[in-house]
Each structure stands twice: as structure tokens, then as C-alpha cells.
Amino acid sequence: MEQFQEKGRTLVIRMPKELDHHTTGQIPGIADRMIGEKNIQRIEFDFRDTGFMDSSGIGVIMGRYRKIYMLGGEVCAVHTSERIRKILTMSGVTKIMQIYEEEK
């Protein structure tokens, strides 16, 4: 599966195995370009492969949230492990983002 997949007006971003400053590099630029070009209204962060995430991953989510929120859209997370859910909760991201077990 591609890292970026368009489903109607939803952009699914498959997060890498380890989400840190080394692996987040291209995600913001590509996602932001697709939001602008494809009229994206919803971003779904797919964590099925992710075992580790640091503050860089939180930064990627927050940055896309700010961008999509200004357009009246929303962000969510799917396939989160217990560890990733804990990181998202402790960082406060769950206040702005729903977490689903499966894709919506």
C-alpha cells in the first residue's frame, strides 16, 4: 500500500514503523500539497505499522490538524496499538482527534 492514499475527500496516511524526526521528513509537505490540490476534508492517520512515535509524530499530526481544521475538515487515527494510543492521549492529541479501530 502507498504511504498516501486518496479515498474521495479523505487522505489516508500510512505512518512508518518508527515515527521520529528521521522518518517524518516528507510527510508534511506531501500531505499539505495533497490537501490543497485534492480538496481533502479529512485525514486518516493509519498507525497499523507503527511501533514507536516521538514528539515529531505529534508535530506532524498537529500541523495537518491545523491546516485541515481551517478548511472545516477533521483528522482521525486508525489501527493504533495500545502504546500509540497512550502517546496520543498523554500528548493531548485525542482532544482534537477521534481514534477508530477500523477505517471509517
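First things first, this report covers the structure right here in the doc. Everything numeric in this text was worked out from a predicted model, so none of it was measured.

## Structural notes on the overall build of the protein
Counting its regular elements, the protein contains 3 helices and 7 strands. Reading the secondary structure of the protein in the N-to-C direction produces β-β-β-α-β-β-α-β-α-β. A compact globule built from 104 residues should have a C-alpha radius of gyration of about 13 Å, and the protein, at 12 Å, falls within 12% of that. The C-alpha extent of the protein, read off along each of the three principal axes, is 35 × 25 × 25 Å. If you take every contact in the protein between residues at least 6 apart in sequence, the share linking residues at least 24 apart comes to 69%. Counting only carbon and sulfur atoms, one obtains 48% of the accessible surface of the protein, whose full area is about 5800 Å². Seen as two clouds, the 16 positive and the 15 negative side-chain charges of the protein have centres 4 Å apart.

## Quick look at the pattern of salt bridges
Using the criterion set out here, one finds 8 salt bridges in the structure. Between R64 and D32 there is a salt bridge; the shortest N-O distance is 2.6 Å. Of this pair, R64 sits in helix α2 (residues 55-70) while D32 sits in helix α1 (residues 27-38), and the two are 32 residues apart along the sequence. Judged by its relative accessible area of 7%, R64 falls in the buried class. Since its relative accessible area comes to 24%, D32 is described here as partly exposed. Linking R85 and E101 is a salt bridge whose minimum nitrogen-to-oxygen distance equals 3.6 Å. With R85 in helix α3 (residues 82-90) and E101 in the segment after β7 (98-100), this pair connects stretches of sequence that are 16 residues apart.

## Section: the pairing of strand β4 (residues 42-46)
Most of β4 is tucked away, with 5 of its 5 residues classed as buried. Burial along β4 is two-sided: R42, E44 and D46 facing one way and I43 and F45 facing the other are all buried. Relative to β4, strand β2 (residues 10-14) is paired through 5 bridges, and the arrangement is parallel. Residue pairing across strands places R14 opposite D46, the latter belonging to β4. Pairing geometry for β4 and strand β6 (residues 74-78), over 5 bridges, is parallel.

## A short note on the packing of α1 against α2
Axis separation between α1 and α2 bottoms out at 10 Å; the angle between their running directions is 15°. By the criterion of interaxial angle, the relationship of α1 to α2 is roughly parallel. Like other packed secondary-structure pairs, α1 and α2 cross with a definite hand, here right-handed. Across the interface between the two elements, I27, P28, A31, D32 and I35 from α1 touch V60, R64, K67 and I68 from α2. When its residues are assigned to classes, the contact of α1 with α2 shows 6 nonpolar, no polar and 3 charged.

## What about the pairing of strand β1 (residues 4-7)?
In this sheet, β2 lies alongside β1 in antiparallel orientation, the contact comprising 4 bridges. Residue pairing across strands places E6 opposite L11, the latter belonging to β2. Count of turn residues in the β1/β2 antiparallel hairpin: 2 residues, of which G8 carries a positive phi of about 65°.

Rules and cut-offs
- Residues numbered from 1 in each chain as written.
- Predicted model: local features only at pLDDT ≥ 70, side-chain atom pairs only at ≥ 80, totals over all residues.
- Heavy atoms only, no water.
- Helix = DSSP H or I, 4+ residues; strand = E, 2+ residues; numbered from the N terminus.
- Rg over C-alpha atoms; globule rule 2.2 N^0.38 Å.
- Contact = heavy atoms within 4.5 Å.
- Areas by Shrake-Rupley, 256 points an atom, 1.4 Å probe, with all protein chains shown as cover.
- Lys, Arg positive; Asp, Glu negative; His and termini not counted.
- Charge placed at Lys NZ, Arg CZ, Asp CG, Glu CD.
- Salt bridge = Lys/Arg side-chain N within 4 Å of Asp/Glu carboxyl O.
- Buried < 20%, exposed > 50% of the residue type's maximum accessible area, 1.4 Å probe, protein only.
- Pairing = 2+ DSSP bridges.
- Axes fitted to C-alpha atoms, helices over the stretch in contact; angles between N-to-C directions.
- Parallel < 35°, antiparallel > 145°, perpendicular 65-115°, else oblique.
- Left-handed = near helix turned anticlockwise from the far one by under 90°.
- Nonpolar A, V, L, I, M, F, W, Y, C, P; charged D, E, K, R; others polar.

Worth remembering: the numbers are spatial, not functional.
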